[in-house]
Amino acid sequence: MGITRREPFVPISRPQPCSNTGNEIGPDITTVNPYRTIILDAIGPSFNLKVLFNLDGEEEQPPNRNALEFFDMLKASEEPLFDGCTNHSTLSAVCRLLNIKSEFNMGDNCYNQIMLFLKELLPEDAKLPNDYYRTKQMVAKLGLGYEKIDVCNAGCILYYKDNKDKLECPKCGQPRYKPKRGGNGRQKDVAYKVLRYFPITPRLQRLNMSTKAVEHMIWHWKSRREPGVMSHPSDGEARKKFDQCHPGFAAEPRNIRLGLPADGFSPYGQMAHPYSCWPVIITPYNLSPGMCMSSPYMFLSLLIPGPKSPGKNIDLYLQPLIDELKQLWVDGIETYDSYKKQNFQIRAALMWTINDISAYGMLSGWSTHGHLACACCMGKSKAFHLKNGRKASFFDCLCQFLPIGHTFRRDKKSFLKGRVEHSAPSPWLSSEEVWNKVRDLLKVLDDRASDKLPGFGDQHNWTKQSIFWEFPYWRANIIRHNLDVMYIEKNMFDNIFNTVMDVKDKMKDNLKARMDVQTYCDHPELELKEHQGKTLKPKAAYSLTKEQRKLICEWVKSLRFPDGYASNLSRCVDMEDYKLSRMKSHECHVFLERLLPIAFRDFLPEPIWNALTEITLFFKGLCATVLKVEDLQKLEENIKIPICKIEKIFPPSFF
């Protein structure tokens, strides 16, 4: 339980008939006790408040099973912990104790001893459960459970469906369980690796059963903006095309459109032993822009264990979620609408995923490593590997997107030396064309999925057929995988700021980069110089002096922002090395769009400052709250020029 706020407890008397119709019990009940609201949201659609509270004045009926379970929870949420207690009910006290147990990683035996001690301290009529087992029974009906699915220690299979009862992996032969200690035979089997799966269907049902959320679940349908204005995914072309292809699904506004963000993180910090844990989130897009992607509506569906990243085998762990989403699309599930007071069959569809570059490659099946990393150009990418930097560079790949006859196309000095760009960009593949390329590829669950596909790295970067293609509607989606703009902004800011500030080991302008400049470009002012047997790196026009870096760090340290706008950037300033460190994505977002042009205004030559400012203005326009289609078209057309300008400034290793 994540309930940490301490709420005053007020006992609630038996509700009286009110003017509301249907099964609604009135604001005098749902707003007084927050724990009662939790229970009302957790009860199923078959529960009838009219029967329970006799709101229509009819003769009371014996409570059914769901009503009896509800009575037990309602009694715990209403009755004080003991006679005379005004701070807590039994449910609120138990929730606080469970939260403390979880936050401080308390063992079950420790929890049991604390419960026994509390019962000794409290009056005899205190209604606390005796131990952790009975505590779990009390809160189990709130629908907060999850499933444990064992995983092969080598990541070959899930012990799921046909493999559920197997004791060893049929692919690698490794055992499912760890060897038991001792010979008493009473120890439980402990799997080497366990996937936690949190079913999303009950939570999606609860969105319509909750009196607070149900009215917002049709916001995407009733709140339409004027044509050409975008402030919500429902205004985009991808959503409109989806509705055209599936009119039966679109006809019911309560059907849910979902997004799937996924990323890895280290739960033990950067200094601990490396461990990559991958949460997979589901978020509904029916809600208003202020509610979409907010914490209450981001549902954890999978917790993929480490210690290593799942890589392309992430499809293995996604199986339970994909099966549930396919059922929600084909059959749906009966759900109670607390606003219209009726049952209906709710369906759901996954619109796209949202991730960074690495997760993009894992989920889409197109590897984002190497010179074929671009999922738009695919096999026709013009990227190349740097001779000295040993990394793929996309330097001088954007001139092909410029209009025919543009002066940058004929510039043999500023880009790759001696090269004139005559080609036009390759057309983007349609969804059907992409499906024709992946339909015959191996899936992760295939026996030979570990083999590299023929031509990988030379002709294509396909690693698998993504599990998302199992959705019958996936082929018609215009957008299937999205890149997180905050991730792109952070990378852009780090590259620009660290290179201009000449931050050691983080800048894109080291000795190998200058050697590549001499190989690929015609910039003699950046080439390495030999002096008295030493190799010297001439100062670049985009690089600041030590005194200039000091002034910028002092300025950043003195900045103060309104509450909620950004964190305290002064904590990120290193006055010894004159650099910024430990900046989160949001801080990089604010700095790139608002502060970067101000910081470099007096220190960089005007052509360089203008190019960097145009980049920041692009991201600022892209992240606006309300977007106009014509403005987006201008941004897409105009961003080519600033990128070409910084290609003329920075070395190929920057790209």
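Owing to the predicted nature of the structure, the values given are computational and were not obtained by experimental measurement. (Residues numbered from 1 in each chain as written. Predicted model: local features only at pLDDT ≥ 70, side-chain atom pairs only at ≥ 80, totals over all residues. Heavy atoms only, no water.)

Draft legend 1. A look at the overall build of the chain. Secondary structure assignment for the chain yields 21 helices and 17 strands. Buried positions account for 47% of the 655 residues belonging to the chain. Residue pairs at least 24 apart in sequence account for 63% of intrachain contacts in the chain once pairs closer than 6 positions are excluded. When the accessible area of the chain is evaluated, it comes to approximately 34700 Å², of which 52% is carbon and sulfur surface. (Helix = DSSP H or I, 4+ residues; strand = E, 2+ residues; numbered from the N terminus. Buried < 20%, exposed > 50% of the residue type's maximum accessible area, 1.4 Å probe, protein only. Contact = heavy atoms within 4.5 Å. Areas by Shrake-Rupley, 256 points an atom, 1.4 Å probe, with all protein chains shown as cover.)

Draft legend 2. Summary view of the pairing of strand β6 (residues 299-304). Relative to β6, strand β2 (residues 193-197) is paired through two bridges, and the arrangement is antiparallel. The partner of Arg196 across the bridge, within β6, is Leu303. Strand direction decides the pairing type here: strand β5 (residues 278-284) and β6, joined by five bridges, are antiparallel. Of the residues in β6, the one forming a bridge with Val280 is Leu302. (Pairing = 2+ DSSP bridges.)

Draft legend 3. Geometry of the packing of aromatic side chains. One pass over the structure, following the stated rule, counts 26 aromatic pairs. With 5.2 Å between their ring centres and 25° between their planes, Phe493 and Phe497 make a pair best called stacked. Here Phe493 pairs with Phe497, and both are found in helix α15 (residues 485-500), just four residues apart, close to one helical turn. Each member of the pair Phe493 and Phe497 is classed as buried. Between Phe493 and Phe591, the aromatic rings sit 5.1 Å apart at their centres with planes inclined by 50°, giving tilted as the arrangement. Here Phe493, found in helix α15, pairs with Phe591, found in helix α18 (residues 585-600); they are 98 residues apart in sequence, far enough to count as distant. For the pair formed by Phe493 and Phe591, the shared burial category is buried. Through pairs of rings, three or more aromatic residues link up here, namely Phe242, Phe249, Trp329, Phe468, Phe471, Tyr473 and Trp474. (Phe/Tyr/Trp six-rings, centres within 6.5 Å; stacked < 30°, edge-to-face > 60°.)

Draft legend 4. Inspection of the packing of helix α5 (residues 90-103) against helix α7 (residues 132-139) at higher detail. Put simply, α5 and α7 touch, their axes get as near as 11 Å, and they point 120° apart. As α5 packs across α7, the resulting crossing turns out to be left-handed. Counted together, Thr90, Leu91, Val94, Leu98 and Lys101 of α5 and Tyr132, Thr135, Met138 and Val139 of α7 form the full contact between these two elements. (Axes fitted to C-alpha atoms, helices over the stretch in contact; angles between N-to-C directions. Left-handed = near helix turned anticlockwise from the far one by under 90°.)

Draft legend 5. Highlighting the sheet that holds strand β1 (residues 147-151). The sheet built from seven strands is open, its strands ordered β1-β2-β6-β5-β4-β9-β12 with mixed pairing. In the strand order of this sheet, the two ends are held by β1 and β12 (481-483), each with one partner. Taken pair by pair, the neighbouring strands of this sheet meet at an average axis angle of 25°, ignoring direction. Set on the sheet, helix α8 (residues 201-209) makes contact with β4 (256-261), β5, β6 and β9 (348-355); between it and β6 the angle comes to about 170°.

Draft legend 6. Structural view of the confidence of the model for the chain. Per-chain confidence: the chain averages 83 in pLDDT, with 85% of residues scoring 70 or above. Predicted confidence is poor over residues 44-61, with pLDDT under 50, and the contacts of this stretch with residues over four places away or in other chains come to 38 contacts. Contacts for the low-pLDDT stretch residues 63-67, under 50 throughout, to residues beyond four places or in other chains number six contacts. (pLDDT = per-residue confidence, 0-100.)

Draft legend 7. Structural view of the pattern of salt bridges. The final tally for this structure, using the stated rule, is 18 salt bridges. We note a salt bridge from Asp494 to Lys490, for which the minimum N-O separation is 3.4 Å. Of the two residues, Asp494 and Lys490 both sit in helix α15, four residues apart, roughly one turn of that helix. Classification of Lys490 as partly exposed rests on a relative accessible area of 24%. Here Lys645 and Glu614 are joined by a salt bridge, their closest N and O atoms 3.2 Å apart. Placement of Lys645 in helix α21 (residues 640-647) and of Glu614 in helix α19 (residues 606-622) is noted, with a sequence separation of 31 residues between them. Relative accessible area serves as the criterion here: at 28%, Lys645 is assigned to the partly exposed category. Residue Glu614 is classed as partly exposed on the basis of its relative accessible area of 29%. (Salt bridge = Lys/Arg side-chain N within 4 Å of Asp/Glu carboxyl O.)

Draft legend 8. Expanded view of the environment of Ile598. Structurally, the position occupied by Ile598 is in helix α18. The class for Ile598 is exposed, based on a relative accessible area of 51%. Each C-alpha atom, one on Ile598 and one on Ile552, is 9.8 Å from the other, the two residues being 46 residues apart in sequence.

Draft legend 9. Quick peek at the nonpolar core. Core analysis: the largest hydrophobic core is formed by 65 residues, its most contacted members being Leu204, Leu258, Leu318, Leu321, Leu350 and Phe468. The leading source of residues in this core is helix α12 (residues 314-330), at nine residues. Discounting residues that sit within four places of it in the chain, Leu350 has contacts with Leu258, Gly259, Leu260, Ile282, Leu325, Phe468, Phe471, Tyr473, Trp474 and Asn477. Membership of the second largest hydrophobic core comes to 49 residues, among which are Ala540, Leu592, Leu604 and Ile639. (Core = buried A, V, L, I, M, F, W, Y, C linked by side-chain atoms within 4.5 Å.)

Draft legend 10. The side chain of Arg480, seen in detail. By the secondary structure assignment, Arg480 is in the loop between α14 (431-438) and β12. Of the side chains with opposite charge, Glu432 lies nearest to the buried Arg480, which makes no salt bridge, at 8.9 Å. A polar side-chain atom of Arg480 sits 2.9 Å from a polar atom in the side chain of Ser431. Setting aside anything within four residues of it in sequence, one finds Arg480 in contact with Met351, Trp352, Thr353, Ser431, Val434, Trp469 and Trp474. (Lys, Arg positive; Asp, Glu negative; His and termini not counted. Polar contact = N/O pair within 3.5 Å; in protein donor to acceptor, adjacent residues only side chain to side chain.)

Draft legend 11. Here's a closer look at helix α16 (residues 511-520). Within α16, burial applies to Ala513, Arg514, Asp516, Val517 and Tyr520. In an axial view of α16, the angular spread of the buried residues amounts to 155°, which keeps them on one side of the axis. Against the buried residues of α16 lie β10 (384-385). Looking at where α16 begins, the residue whose side-chain oxygen comes 3.4 Å from the main-chain nitrogen of Lys512 is Asn510. (Arc of directions from axis to C-beta.)

Draft legend 12. View of unusual backbone geometry. Residue Pro307 is bonded to the preceding Gly306 through a cis peptide linkage, with omega at 5°. Looking at the element boundaries, Pro307 is found in the loop between β6 and α12. Phi is positive for Met293, which is not a glycine, with a value near 60°. Along the polypeptide, Met293 turns up in the loop between β5 and β6. Although it is not a glycine, Met378 adopts a positive phi angle of roughly 50°.

Draft legend 13. Examining the state of the cysteines more closely. Inspection of the entire model under this criterion finds zero disulfides. For the unlinked cysteine Cys376, the closest cysteine sulfur is that of Cys374, found at 4.7 Å. Looking at Cys399, it has no disulfide partner, and the nearest cysteine sulfur is the one in Cys644, 4.2 Å off. (Disulfide = S-S within 2.5 Å.)

Draft legend 14. Quick peek at the environment of Asn495. Topologically, Asn495 is positioned in helix α15. With twelve residues separating them in the primary sequence, Asn495 and Met507 have C-alpha atoms 6.6 Å apart. Among residues more than four places away in sequence, those in contact with Asn495 are Lys508 and Phe654.

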